Amino acid sequence: FSVYPSEVCVGGMRGVVYHIEEGGERWEQVQPGPERNEASEEIEFRDIFFISKRVGWANGLRGELFRTLDGGKNWRPLSFSISGVGWAINSIYFLNRNDGWAVGWGPDNNVYENKGGIILQAADGGLSWNEVDIKHNESSYELVNFSDSQNGWVLSRRNVYRTVDGGKTWSNVFQLPQSRTEK
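Nothing here was measured: the structure is a model prediction, and the numbers come from that model.

Scoring rules and cut-offs
- Residues numbered from 1 in each chain as written.
- Predicted model: local features only at pLDDT ≥ 70, side-chain atom pairs only at ≥ 80, totals over all residues.
- Heavy atoms only, no water.
- Helix = DSSP H or I, 4+ residues; strand = E, 2+ residues; numbered from the N terminus.
- Buried < 20%, exposed > 50% of the residue type's maximum accessible area, 1.4 Å probe, protein only.
- Contact = heavy atoms within 4.5 Å.
- Areas by Shrake-Rupley, 256 points an atom, 1.4 Å probe, with all protein chains shown as cover.
- Phe/Tyr/Trp six-rings, centres within 6.5 Å; stacked < 30°, edge-to-face > 60°.
- Patch = residues over 30% accessible without salt bridge, like charges linked within 9 Å, V, L, I, M, F, W, Y side chains within 5 Å.
- Salt bridge = Lys/Arg side-chain N within 4 Å of Asp/Glu carboxyl O.
- pLDDT = per-residue confidence, 0-100.
- Pairing = 2+ DSSP bridges.

Novice: I keep staring at the overall build of the protein chain and nothing clicks. Help me out?
Specialist: Across its full length, the protein chain holds zero helices and 16 strands. In the protein chain, buried positions account for 45% of the 183 residues. Looking at the protein chain alone, contacts between residues at least 24 apart form 39% of all its contacts between residues at least 6 apart. Carbon and sulfur atoms form 48% of the exposed surface of the protein chain, whose accessible area is close to 10000 Å².

Novice: Mind showing me how you'd approach the packing of aromatic side chains here?
Specialist: The description of an aromatic ring pair rests on the distance of the ring centres and on the angle between the ring planes. Per the counting criterion, the structure on display carries eight aromatic pairs. For the ring pair Phe49 and Tyr93, a centre distance of 4.5 Å and an interplane angle of 50° mean the geometry is tilted. Here Tyr93 lies in strand 9 (residues 88-94) and Phe49 lies in strand 5 (residues 45-50), a separation of 44 residues in the sequence. Neither Phe49 nor Tyr93 differs from the other in exposure class; each is buried.

Novice: Even after reading the chapter, I still don't get a nonpolar patch on the surface, so can you show me in this structure?
Specialist: Together, Trp153, Val173 and Phe174 line one region of the surface with nonpolar side chains, adding up to about 290 Å² of accessible area. Tracing the backbone shows Val173 in strand 16 (residues 171-175). Owing to a relative accessible area of 43%, Val173 belongs among the partly exposed residues under this scheme.

Novice: Just to check I follow, could you spell out the pattern of salt bridges for this structure?
Specialist: Working definition: two side chains of opposite charge can pair if their charged atoms are close together. Summed over all chains, the structure comprises two salt bridges. Here Glu142 and Arg157 are joined by a salt bridge, their closest N and O atoms 2.9 Å apart. Placement of the pair is Glu142 in strand 13 (residues 141-146) and Arg157 in the loop between strand 14 (152-156) and strand 15 (159-163), with a sequence separation of 15 residues. With relative accessibility at 35%, the residue Arg157 sits in the partly exposed group.

Novice: What is the right way to look at the confidence of the model for the protein chain in this model?
Specialist: Atomic detail in the predicted coordinates should be set aside for any region of low pLDDT. Here the protein chain averages 79 in pLDDT, while 70% of its residues score no lower than 70. Between the elements of the protein chain, mean pLDDT differs from a low of 53, seen in strand 1 (residues 2-4), to a high of 96, seen in strand 15. Low pLDDT, under 50, characterises residues 36-40; the predicted model gives this stretch nine contacts beyond four residues in sequence or across chains. The low-confidence segment residues 109-114 (pLDDT under 50) makes 11 contacts with residues lying over four places distant or belonging to another chain.

Novice: It is not clear to me how the environment of Asp99 should be interpreted in this structure. Could you clarify?
Specialist: On the secondary structure map, Asp99 appears in the loop between strand 9 and strand 10 (100-105). You can call Asp99 partly exposed: its relative accessible area is 29%. As for Asp99 and Ser149, which are separated by 50 residues in sequence, their C-alpha atoms are 8.7 Å apart. Setting aside residues up to four positions removed in sequence, Asp99 forms contacts with Tyr93, Phe94, Ala122 and Ala123.

Novice: How do you make sense of the sheet that holds strand 10 when you look at a structure like this?
Specialist: Within a beta sheet, neighbouring strands are joined by backbone hydrogen bonds and run either parallel or antiparallel to one another. If you walk across this open sheet you meet the four strands as 9-10-11-12, and the pairing is antiparallel. Pairing within the sheet leaves two strands with one partner each, and these edge strands are strand 9 and strand 12 (130-131). With six bridges connecting them, strand 10 and strand 11 (residues 117-122) associate as antiparallel partners. Considered in strand 11, the bridge of Gly100 is made with Ala122.

Structural data, given as structure tokens:
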């Protein structure tokens, strides 16, 4: 789900994104990628993020990544280029057309164990991604957000982390209360 002042894009199940312009009376169904097929119907969109009226990204739970340069009418497939299986991306955030962040859990890990969270950074609009080691052990990272190029936040299932130097170092700034099932 992404809202830009005059447009809204909503991602959902079965590989479909819906788009509406301000003042529009109906939602337009958009198919990310070059064609609709069985694989595209299995995409479950987790996050959509726009930096302008025209430029945005959408990611699927199983690592699918798409970019639009025309406000969500057409989507080009990209890749997180992570080796292994069993990883997922929960959230993406871009500071501008080039600098982006993605968080989730890593390959071949049981999500319910206290290991496996991954943080990725891109400097080329999402064409290639590098894993960032923030020196903390989490099962998954759920959300990422930046207020500017230096100040960012990452939420795990148990903690909130903050960077004040553009992602070079991360500090645990808040521990969330445990749920009843975790006690």
